[in-house]
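Inside the fold
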Amino acid sequence: MTRFTSTYAARFALALLALSACTSESTFTASEVQPLDDAVVALDATRGEARVLRFGAGGAIEGRATLTFDEGVQGVQTLARPGRTDEVLAVHQGRVGDADEETLDAELVLLGPEGERGRWTLDGPYLSFAPDEAGRYVLVSQPRRRLAFENRVEVVDLAQPGLTVPLSLRSLGGEVPTAAAFSPPLPGDAETPLRVAALFAAGQLSLFDLDAPETPPATIPTTVGGGAGPRPVEARFVGREVVVRTERSPQLLVLTLNDFEGDGGLRFDPSIRTLATNGPVRLLRVDERGELPRLLALAGDTLHLFDLRTGAETQVAVPMQHTDLGFFDGPAPGDPVVRPRVVSYGGTAQLTFVDLGAAPTEVLGTTDLRLQAAPTAVDLDTGGGRLVLYGGGGGPARQASRSPFAILDLFDRSATPLGVTSLDRAVLAPEGRSLWLAGTSDGYVGRLDLDGGQLEERFLTGTSITSLLPLAGGAERALVFVRGGDGLNRFRVLTPGELENGVELPRGAF
Amino acid sequence: MNVLQLGWHRLAPFLGIGVALSACGDDFGGAGTGAPSFDAGAMAPSADMSAPPEVELEVSFEPPAVGLTRLYATNVGAERVAVVSASDFSIETVPVGAGPLPAVAAPGRDIAVSLNRQARTLTLLRTNETGTVPSTLPLAHDADQVAFDDTGRFAIVFEGPSERRRNFQDLSVIDLDAAVATRIVVGFGPSRVFFGPDDVAYVVTEDGISVLDLTSLSEDTRPVLRSFGARVADATVTPDGRFAIGQIPSEGELRQLDLSTGEVAVAHMAAALADLGEAPGDEPGSEGMSDGGMAPADAGTSGVLARLAEVTDLDLDPRSRFALAVLRTAERVVRVPIGERFGTTAAWEVLGLEGEGVGSLVLAGDGALAVGFTSALDVEALTVLDLDSEPIGVRAIALRKTVRTVALSPDGSFALVLHRPGEGNAVQDADEARRIDRSDGFSLVDLATGFVRLSLTAATPEPSGLALDPAGEFLFLALRSDARGVRAFQAVDVATFAVDDVPLTAPPTTVGTFPRLNRAFVGQEADGGRVTFYDWRSGERQTIAGFELGAGIRR
């Protein structure tokens, strides 16, 4: 299962959930719910409080933990930690003080099923928290003070509890950091592996040594001449190279982090080159399944496959509407060899399969597959070798008014059509085996076992479904949130094979 | 005078046509047997006195920024020049002055000049194995043109004709070895520079030819100015540096200027039409001039004769022996000997090219062969003139499309013909001949056998988008049409005339070759710079891009 993890960061409308616990102090109202491995984190942003429930056998509550931020902090929210189903981030923006209230620093807390795992306190209030794709770092930006240096950010290293790294962008024209990308530890001559942060800003990219944050960065303009260049929007580290996608640009920037041989300054010396594409690049992926990395870029009506060493490329025609790429290994019709393949999809009824050879630019063949309808959403289950194709609307957590219309076998390249009646919620479980289903109005819940094809179902009579939240963890459980005929909100723990026995938790369970 | 035997009756149709044109004021296409053509629908002209002028498109086969092993790519905005090695693809960027123009390299040498307009400086870029060393010299005047002599010792920088020209008479001679610039004032409006033997440069100006002895220049030097005695067009200096030849188009007159004595000889092309009018005369001209020509006939015929005598193209023999004047309307080519017999009409050779439709000529590098064509009329043929044979041999080679311009390989073995597309949509036409007519394309013509290879292209091949391997083995074309999304590079094997497409991701801007490395390159339009090198032996490609961005990295 490669994506969709972050979409479990379901942010629920207060009116929908309002999971209330009547206490002597005040009511806990879950404004956000995040799944964990066999556990869930609920957040009451108003109270500045997060609660963790851990489920045991049969879906019973096995443990609980509470996190309470200081009173008065603002912007409390939860964030999924990319690549990790056992941890969630709870953050707040702090508070700019006044004559009556002191300034509170922003904070970030790492939560696991058992509760708090780590805490980081920033140097002042900040507005923005953005975890990186690998889930190791969080970029904290947009400082807020009476007078704030807006080119300043802090980087939270989730692998080092308590450690934050302050960085100051070299603003050539007053620009401020908008996003960042981080390298994995890069082996080099030095004892300390090189870790590089790339800060994005309008018209430039700045590279910092995370282990020497006080050293001025290397600042790379995204254009030549006097005009403002495009803003970097995505960067991917491939060994000692960084590939950067810039806004609406038909070329990629490739920065090579050469060893710096002088004294002082950065431990690397960047050089730059570009790779041209047939149009503005809308997606960038690195395929490291082979001996040599292969860079893939969707641009215009072309999928470009680049060999980063040589800059050589191969082009594959794809529909302009394609927005995503899925990597999988497996056979194909007429080709029983398990080899790396790519499927390009999105926005149109046509999918394009690309069969890859050993060399980065080697394409053994391409196949177009036309579906009966264009999906509005697609989930890739790499392990299961399938795509789940949805029709209908999007909305919060991409599940409202959405139903599956086909399951595509990536190896056989055939689609099993699904007909649905009064079904308007469908969410794939993190492990990819279970497709959880719901009918909003009649309390229908179901689970389709994608491996075996069996459908379990039951009706939660007298309720309407407000949300479905699959949990990570081996049990493949899901939470279904319902509103009863009595107007009260409850949630129920659903366990595969035991839907009839699902544990319904009363209000106040959080 | 070796005049074609034509009777007076030949003039009558021209007179009639002239009357008809003045009466109706309309273009006319003409008719006639014309040159042979693959296309039955093609029309060759007869003597068309109202046809548009010939359009001369110079095919240089090399962009200006190519040295021996380096490509010099200027980033105007960053005020730097990227020096790209075509052998190992290494890149260095070198700062130049403010407001640089694209650098110009000395042919066959890794030396380039950057004219920095805003800074009024010149940066001399010398590249050796260890890198590029820039030297900046102040310039006392504006300059936008650079001319290098063949020895690589001198360059002359000046401001060429343009609507924004501010410097009309100053130029600088650059001693490239000593990195010294010497300002010199020449005649008004320099336009071209020729280098003769013995380190002498000839600067073509509106006033005549300024003669510069490059070895004895100082700031005090005022060079000799040789005048044609009238304002001439297309002034060209013979390769031996002895004469300059120009023409006065409206007078049908060629002028030869002896650059050592200043003596001017005149050749009236009307004399080549003696069979159509009055007998030619060899009367001496005005003082200081020798005059070859003819007395005008009566007023009625003299205007017609003047138009018949109009020179549509003038070319000089690379071996300085003769000038070739094309009289398109009269359908004649006149070979005029250069030197003492320039104005002696009896020494001229007049070649009749009836129905061939020749308005322009290109000469092979040895002057043994010329190829005639017209860019102004709908003629689908070339006319090959064998200039070494006695009398001059004439052969027609049929084409399938009309001609925009023609370039010859240095050895004269083949011609590259860039075609003009006809009006209409080529793609949607089911008729093959019409589809060909309406398409862009080029032809390669084996001039020995007359074999023609037509290649239709998705965009118009431009003269600036061509490069020829000096050994004559490969020809390279860059094709670009932003409207049609065309961005392509073609490699043509001259031995077989096979055309290979090399796809490009970005629109091409320049094409060139590094003959010593067996590599061609195509520069492309991309932010940060982009060059693709193509090994014409192996077909391998190597693209380097973004090198101009590197200069902007702040560390």
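Overview of the structure. (Residues numbered from 1 in each chain as written. Chains lettered and ligands numbered in written order. Predicted model: local features only at pLDDT ≥ 70, side-chain atom pairs only at ≥ 80, totals over all residues.)

Across its full length, chain B carries four helices and 41 strands. Here chain B holds 555 residues, and the buried ones make up 49% of them. Look at the contacts in chain B between residues 6 or more apart in sequence, and 48% of them connect residues 24 or more apart. (Helix = DSSP H or I, 4+ residues; strand = E, 2+ residues; numbered from the N terminus. Buried ≥ 20, exposed ≤ 12 C-beta atoms within 10 Å, placed from the backbone. Contact = placed C-beta atoms within 7 Å.)

When you go through chain A residue by residue, the secondary structure sums to one helix and 40 strands. The C-alpha atoms of chain A give a radius of gyration of 24 Å, which matches the 24 Å a tight globule of 510 residues would have. The dimensions of chain A, computed from C-alpha atoms along their principal axes, are 75 × 70 × 40 Å. Residues classed as buried in chain A amount to 44% of the 510 residues present. Restricting to contacts in chain A with at least 6 residues of sequence separation, those with at least 24 account for 42%. (Rg over C-alpha atoms; globule rule 2.2 N^0.38 Å.)

Within a regular strand, the side chains alternate between the two sheet faces. All names here are of chain B. Note: strand E32 (residues 440–446) against strand E33 (residues 452–457), six bridges, orientation antiparallel. Within E33, the position partnered with Leu444 by the bridge is Arg453. Taken together, E32 and the strand that follows it, E33, pair antiparallel across an intervening segment of five residues, in which Gly450 is found at a positive phi of about 80 degrees. (Pairing = 2+ DSSP bridges.)

Turning to the interface of chain A and chain B, a few remarks are in order. Facing the 23 residues of chain A at the interface are 21 residues of chain B. Elements with a minimum of two residues in the side of chain A that touches chain B: strand E16 (218–221), strand E19 (251–259) and strand E20 (268–276) of chain A.

All names here are of chain B. The amide bond that connects Glu390 to the next residue, Pro391, takes the cis arrangement and shows omega of -5 degrees. Along the chain, the position of Pro391 falls in the loop between strand E28 (381–386) and strand E29 (393–398). With phi around 55 degrees, Ala179 is a residue other than glycine that occupies positive phi space. With respect to the secondary-structure elements, Ala179 resides in the loop between strand E10 (170–175) and strand E11 (180–185). Its 14 C-beta neighbours within 10 Å are what place Ala179 among the partly exposed residues.

All names here are of chain A. Counting buried positions along strand E29 (residues 377–381) gives four out of five residues, so the element sits mostly inside the fold. Here E29 pairs with strand E30 (residues 386–392) via five bridges, running antiparallel. Counterpart to Asp381 in the pairing with E30 is Arg386. Hairpin connection from E29 to E30: four residues lie between these consecutive antiparallel strands, with Gly385 at a positive phi of about 65 degrees.

Here we come to the environment of B:Ile392. Residues and elements named next belong to chain B. Position of Ile392 relative to the elements: it lies in the loop between E28 and E29. Residue class for Ile392 comes out partly exposed when judged on the 17 C-beta atoms lying within 10 Å of it. Taking C-alpha positions, Ile392 is 40 Å from Gly424, a pair spaced 32 residues apart along the chain. Sequence-distant contacts of Ile392, that is, excluding residues within four places in its chain, are made with Glu349, Leu351, Leu385, Asp386 and Leu387.

Within the largest apolar cluster, 283 residues are counted, with the highest numbers of intra-cluster contacts made by A:Ala198, A:Val480, B:Val157, B:Met269, B:Ala325 and B:Leu382. Look past the residues within four positions of B:Val157 in its chain and what remains in contact with it is B:Val113, B:Leu115, B:Leu122, B:Ala143, B:Gln145, B:Val146, B:Leu171, B:Ser172 and B:Ile174. (Core = buried A, V, L, I, M, F, W, Y, C linked by C-beta atoms within 7 Å.)

Moving on to the sheet that holds strand E14 (residues 208–213) of chain B. Residues and elements named next belong to chain B. Taken together, the four strands give an open sheet; going across it, the order is E12-E13-E14-E15, and neighbouring strands pair in antiparallel fashion. Single-partner strands in this sheet number two, and they are strand E12 (192–196) and strand E15 (224–226). Sheet twist, expressed as the average angle between the axes of neighbouring strands with direction ignored, equals 25 degrees. Two elements, E12 and strand E13 (residues 200–205), share five bridges in a ladder whose sense is antiparallel. Paired with Phe194 across the bridge in E13 is Tyr202. (Axes fitted to C-alpha atoms, helices over the stretch in contact; angles between N-to-C directions.)

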